Amino acid sequence: MTISSNDLDAKFKFEVAAIPGGEHILRCFACGTCTAVCPVSSAFPDEYDPRKIIHMILLGLKDRVLSSNALWYCSHCETCRISCPQNVPFDGISDALRKIAVRENRIPEDAYEIFGAGPCKAACPAHISIPGFVGMIAAGRYRDGLKLIKEQMPFPGICGRVCHHPCEAKCNRGNVDEPIAIEYLKRFLADRDLMEEIRYVPEVGEKRDEKVAVIGAGPAGLSAANQLAVKGYSVTVFDKLPVAGGMMAVGIPSYRLPREILEAEIQTIVDMGVEIRTGVTFGKDITIESLKKDGYKAFFIAVGLHVSRSLNVEGEDLPNIIHGIEFLKKVALKQEIVIGKKTIVIGGGNVAIDVALTALRAGAKEVQMACLESREEMPAWDYEIKDAEDEGIIINPSWGPRRFIGKDGNLKGLEFKRCTAVFDENHRFNPQYDESELMTLEADTVLLTIGQAVDMSFTEGVPELETSPRGPVVKDYSTFETNVDGLFVGGDASYGPRSVVEAVASGKEAAVSIDRYLTGQDIKGDRPFEWQGINYEPSGTEHMDRQKPPRLSVSERKGRFVEFDRGFDEQQAKYEADRCLRICGHQKKA
Ligand SMILES: Cc1cc2nc3c(=O)[nH]c(=O)nc-3n(C[C@H](O)[C@H](O)[C@H](O)COP(=O)(O)OP(=O)(O)OC[C@H]3O[C@@H](n4cnc5c(N)ncnc54)[C@H](O)[C@@H]3O)c2cc1C
């Protein structure tokens, strides 16, 4: 059965009177703003009218919603919800579809389309409504755009700088010319807000009695704290370091992530009522038992990877052989560091590049990198390798350390053997060497950057937690539950080295779990929930050049801890936002 919008308008007030809470629903006066702003409705005005769907949702007509064309047309951009002038208390078409279909277990056979979204939103681990916030930039509605991002994650300024942006790799605009510069657009919104006298602070729900303890003030812990604060919980975050931010504060160098951006985004979380206590070590100063005595009812542990792996080769006990992340931490905390004139960095990943560029800024005169991988196999991003080479760092691919060379107890250099293969036929790490081909490099400092592991000393605070040689055991990666009731573990410590946005996503899911745990709901519920990115190749779309933000030249940045990349100005941001196709997520029913 289909309902016309006229039918609905006429019946609306009458029917709504019978619904409990109908006074809220009556705030909708059918102004049609939702329809006017919906990009899919603009493209298919005769076929899709969000106002009608919203009325059905408000009227509780679940069957009609499920059999309506909303399932196929809604691209889940959230523009209707964020645009409603009456702030009608509905969750938006997107959320309503999800709740009705998934939570009530009424998924139609062709459910794929229900979860069809822009491929950018689907690919983002935090599932930010990217087409929505990009559309807000195009319309000059900057605060609304920021609001959309902050619903999903607290760090647009940080991720607008350091995210590996898997969203852009999937952007359908790439089928026309180049993907939308989503990362820089996010940064544009965040930086604009940070310059405002009154910054945007997300609304916090009605205060709840339960206290939640978060261990680790990295992106996973802070993201969980942020989402729990929105729900009204009292949250305390404990961290053993003197600063909050985890690897964002003591790993990622400030020339990529200025500390004032990090501090400002953390301050917003504090402004939402979250307490952050630094200098407190879980397992030494506090334990689960002591926290329970202090009234905490649920726990999220996100302690990251703060132990460096060793090489186990001859001479590794010589002085000035330092772990790269310890070195970065000392530089970030402005502690005393050792750096010689000739420095070798062992490792070929992004962390090794950060260590090498930081060594140059900390006073090394010559920095060389050496790694097992061939140049093509190096795990660091190509643009990061280029940055390093532009600053004069010499990269020696396909070499494995054989022994450290010492003289009179001092480090003099490092001997390498040729690495012929890093992985075996099963893609397992199993390096092979040709010991007849050797190379020696002189060095007075060596920085080891060959991987990190979990510092398991935290388990002294919770001895009953199940662990494996890799770290704490997570029972279910969609909920981050462990074997300990009310204790959830997330971030890098739970799945290995990944990224800021993935840590944020894990914190978000853990917050959902904690809320469900504390309110007696089924923790698993509708998870895992997977958005399906809808790909398409638009035809006849005009070519528009991707905008490039300014960047400091090598001579301007060399040896300095200044930010390399500058952001978009308003004109660039609007032009870039206009490149977005906006309707990628819709999937018209055949
Ligand atoms: C040098 C470097 C550069 C990187 N660059 C990028 C990048 O450009 N983009 C990107 O997306 N990702 C990057 N990453 C990865 C990213 O930083 C991590 O994936 C992310 O920070 C993991 O978040 P987390 O919250 O799980 O852990 P962390 O950020 O490591 O935070 C864990 C926190 O727990 C605290 N802690 C540990 N043990 C205890 C204890 N017992 N008691 C109390 N507190 C404790 C730690 O002090 C720390 O603050 C980089 C990582 C490094 C090391």
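The structure reproduced in this document is the subject of the present report. (Residues numbered from 1 in each chain as written. Predicted model: local features only at pLDDT ≥ 70, side-chain atom pairs only at ≥ 80, totals over all residues. Heavy atoms only, no water.)

An order of β4-β3-β2-β5-β18 is seen for the five strands of this open sheet, with the pairing classed as parallel. With one partner strand each, in any of the chains shown, β4 (275–278) and β18 (487–489) form the two edges of the open sheet. On average, each strand axis in the sheet is inclined to that of its neighbour by 20 degrees, with strand direction left out of account. When strand β3 (residues 234–239) meets β4, the two strands line up parallel, connected through four bridges. Paired with V237 across the strands is I276, a residue of β4. Where helix α16 (residues 219–230) meets the sheet, it contacts β2 (211–215), β3, β4 and β5 (296–301), and its direction lies at approximately 170 degrees from that of β3. Contacts from helix α24 (residues 500–518) reach β2, β5 and β18, with the element oriented near 160 degrees to β5. (Pairing = 2+ DSSP bridges. Helix = DSSP H or I, 4+ residues; strand = E, 2+ residues; numbered from the N terminus. Axes fitted to C-alpha atoms, helices over the stretch in contact; angles between N-to-C directions. Contact = heavy atoms within 4.5 Å.)

It is worth spelling out the packing of helix α11 (residues 130–138) against helix α26 (residues 570–578) at this point. Packed helix pairs are characterised by how far apart their axes lie and by the angle those axes make with each other. Taken N-terminus to C-terminus, the directions of α11 and α26 make an angle of 130 degrees; their axes are 8 Å apart at the nearest point. With respect to α26, the element α11 is oriented oblique. Classified by chirality, the crossing of α26 by α11 is left-handed. Along the contact surface, α11 presents V134, I137 and A138, while α26 presents A573, K574, A577 and D578. Looking at the contact of α11 with α26 residue by residue, the class counts come to five nonpolar, no polar and two charged. (Parallel < 35°, antiparallel > 145°, perpendicular 65-115°, else oblique. Left-handed = near helix turned anticlockwise from the far one by under 90°. Nonpolar A, V, L, I, M, F, W, Y, C, P; charged D, E, K, R; others polar.)

Next up on the list: the environment of T33. Structurally, the position occupied by T33 is in helix α3 (residues 33–37). Residue T33 is classed as partly exposed on the basis of its relative accessible area of 25%. It is 29 Å that separates the C-alpha atoms of T33 and M544, two residues lying 511 residues apart in sequence. Once residues lying within four places of it in the same chain are set aside, the contact partners of T33 are S83 and P85. (Buried < 20%, exposed > 50% of the residue type's maximum accessible area, 1.4 Å probe, protein only.)

With that settled, the discussion passes to the side chain of Q572. For Q572, the location among the structural elements is in helix α26. From its side chain, Q572 meets the backbone oxygen of K548 in a polar contact 3.0 Å long. Contact partners of Q572, with chain neighbours within four places excluded, come to Q547, K548, P549, P550 and G567. (Polar contact = N/O pair within 3.5 Å; in protein donor to acceptor, adjacent residues only side chain to side chain.)

Attention now moves to the state of the cysteines. Under the definition given, this model contains zero disulfides. Just so you know, C31 is unpaired, no disulfide at all, and the nearest cysteine sulfur is the one on C84, 6.4 Å from it. Accessibility expressed as a relative area gives 40% for C31, which makes it partly exposed. Here C584 stays unpaired: no disulfide links it, and the sulfur of C580, its closest cysteine neighbor, is 6.1 Å away. (Disulfide = S-S within 2.5 Å.)

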